Amino acid sequence: MVSKRAQRKIEHIQHALSTGQQRSNGLDDVTFVHQSLPNLSVDDINLSSNVGELSLSSPLFINAMTGGGGEDTVIINEALAKAAAETKIAVAVGSQMSAIKDSSERPSYEIMRKVNSKGIILANLGSEATVDQAKTAIDMIEANALQIHINVVQELVMPEGDRDFTNAIKRIENIVKNVKVPVIVKEVGFGMNREVASHLAEIGVSAIDVGGFGGTNFSKIENMRREQVLSYFNSWGISTAASIAEVKHGQHDMSIIGSGGIQHSLDVAKAIGLGASAVGVAGYFLKIFIEKGYDELVQEIKQIHTDLTYIMTALGVKTIKGLQEAPLVISGNTHHWLNERGIETSSYSRR
């Protein structure tokens, strides 16, 4: 008998694949300034990066997707963890609350550490979690860090979702103070503004995953599960590009993870150029695995690494830090949004 929570996880996967992703993450508004004399070789490029206290061999990682959906999610998470191990990138699990509430769901998460014993794996819980639940989630997969996801709009649209979001910042602060691994706060597809980022920095959060609008649309997914559709939330949020720039300009020293509709290597490069230290990909990788299989997933990750190396060579930058400082021009809706929010886009083009 499949639990209601497990069934919901399976429905999320099915609806995520059917709704797909639109090119609405704002990254098409970003153009790098070409360098005709880069004065370096492809062999000079170093893709390693740091996110808070985490040292990564690549800025690319497989972002939180699923878990707690029975055997189907065991198969998916095993493949994702194996792909991460083979390509030496980090990987995050989906929310572990289902396994905390029902121990029979633990295998769909524990499989990740079993097949990726030495890799960097991120645990994941919602902002409703207690300190004890956070410790359980971390121990369950011997996690290197904990993602706490915030998804107010998804919960509001979800028929059985939460309706009370008071004191979330206090719960997050309590977790930060009482766990032994770095804490990353992650939005789930609706973007992050600089004011929220400042509050999170003040309580000691290690990094922010902006989870910008333009990727998997959880409002649309939950609306597919509703009788009365809340359509006004389907276009709600801050784009990935605008979110990264907002957080970067509000918290210069905060590590930023760019995510939300990342689909190829140029998206990765642009997210880093705007200020991200790492870039998370979820829906795009899930679609490749489901439709084309494990080997194609691994090949795609390797190809993104190759292409990112070529892009950095063309821009004349050897490191991820150098890519963060490469000049770029912002146009369109992203330019308008940032200037209305008091962020001078010329700071990117004239550096």
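What you see is a predicted model, and the numbers here were worked out from it, not measured in a lab. (Residues numbered from 1 in each chain as written. Predicted model: local features only at pLDDT ≥ 70, side-chain atom pairs only at ≥ 80, totals over all residues. Heavy atoms only, no water.)

Notes on the pattern of salt bridges
This is how the line gets drawn: Salt bridge criterion: a side-chain nitrogen from Lys or Arg within 4 Å of a carboxyl oxygen from Asp or Glu. A simple rule labels every residue: compare its accessible area, found with a 1.4 Å probe on the protein chains alone, to the largest value its type can have, and call it buried under 20%, exposed over 50%, or partly exposed in between.
Inspection of the entire model under this criterion finds 11 salt bridges. With a closest N to O distance of 2.9 Å, Arg106 and Glu110 form a salt bridge. Residue Glu110 is classed as partly exposed on the basis of its relative accessible area of 22%. The closest approach of N and O atoms between Arg225 and Glu222, which form a salt bridge, is 2.7 Å. Members of the salt-bridge network, linked through shared partners, are Arg194, Glu195, Glu246 and Arg341.

Some words on the sheet that holds strand β4 (residues 60-62)
Convention followed: Strands pair, by our definition, only if DSSP identifies at least two bridges between them. Think of it this way: any DSSP run of H or I at least four residues long counts as a helix, any run of E at least two long counts as a strand, and we number them from the N terminus. Between N-to-C directions, angles span 0 to 180 degrees; the directions come from axes that are lines fitted to C-alpha atoms, helices contributing only their stretch in contact. In this analysis, two residues are considered to be in contact whenever any of their non-hydrogen atoms come within 4.5 Å of each other.
Pairing in this closed barrel of 8 strands is parallel, and the strands run β4-β5-β6-β7-β8-β9-β10-β11 around the ring. Averaged over all pairs of adjacent strands, the angle between their axes in this sheet comes to 25 degrees, without regard to strand direction. Where β4 meets strand β11 (residues 278-281), 3 bridges bridge the pair, whose relative direction is parallel. Along β11, the bridge assignment pairs Leu60 with Val279. Against the sheet, helix α10 (residues 240-250) touches β9 (207-209) and β10 (255-259), its axis set at about 175 degrees to β10.

Topic: the pairing of strand β7 (residues 145-150)
As a reminder, the rule being used: The definition of a right-handed crossover adopted here requires that, viewed with the strands pointing away, the path from the first strand over the helix to the second runs clockwise.
Counted residue by residue, β7 has 6 buried out of 6 residues, so it is predominantly covered. Going residue by residue along β7, you find Ala145, Gln147 and His149 tucked away on one face and Leu146, Ile148 and Ile150 tucked away on the opposite face as well. As paired strands, strand β6 (residues 121-126) and β7 are joined by 5 bridges and run parallel to one another. Its bridge partner being in β7, Leu122 is matched across the sheet by Ala145. Where the polypeptide runs from β6 across helix α5 (residues 131-141) and back to β7, its parallel neighbour, the crossover connection is right-handed. Bridging between β7 and strand β8 (residues 183-187) involves 5 bridges; their strand directions are parallel. From the neighbouring strand, Ile150 faces β8, where its bridge partner is Glu187.

Regarding unusual backbone geometry
Unusually for a residue other than glycine, Asn39 sits at a positive phi of about 55 degrees. Along the chain, Asn39 turns up in the loop between β1 (30-32) and β2 (49-51). On the basis of relative accessible area, Asn39 is assigned to the exposed category, the value being 76%. You will see that Lys88, though not glycine, has its phi angle at about 60 degrees, which is positive. Tracing the backbone shows Lys88 in the loop between α2 (71-87) and β5 (90-92).

Observations regarding the pairing of β6
Counting buried positions along β6 gives 6 out of 6 residues, so the element sits mostly inside the fold. Of the two faces of β6, both are covered, the one formed by Ile121, Ala123 and Leu125 as well as the one formed by Leu122, Asn124 and Gly126. Bridge count between β5 and β6: 2 bridges; the pairing is parallel. Among the inter-strand pairings, Val91 is bridged to a residue of β6, identified as Ile121.

So, the packing of aromatic side chains
Note the cut-off: Aromatic pairing here means that ring centres of Phe, Tyr or Trp (its six-membered ring) are within 6.5 Å. Orientation follows from the plane angle: under 30 degrees is stacked, over 60 is edge-to-face, and everything else is tilted. Charge-over-ring contacts are defined here by two conditions on Lys NZ or Arg CZ: a distance within 6 Å of the ring centre and an angle within 35 degrees of the ring normal.
Counted according to the given criterion, the structure contains 3 aromatic pairs. Ring centres of Tyr232 and Phe233 lie 4.8 Å apart, and the angle between their planes is 55 degrees; on these two criteria the pair is classed as tilted. On the basis of relative accessible area, Tyr232 is assigned to the exposed category, the value being 51%. Considering the side-chain rings of Tyr284 and Phe285, the 6.1 Å spacing of their centres and the 40 degrees angle between planes classify their relative orientation as tilted. Look at Phe285 and you get buried, because its relative accessible area is 0%. Feature note: the residues Tyr232, Phe233 and Trp236 constitute an aromatic cluster, connected by ring pairs. If you follow Lys82 out to its NZ or CZ, it ends over the ring of Tyr294, 5.2 Å from the centre.

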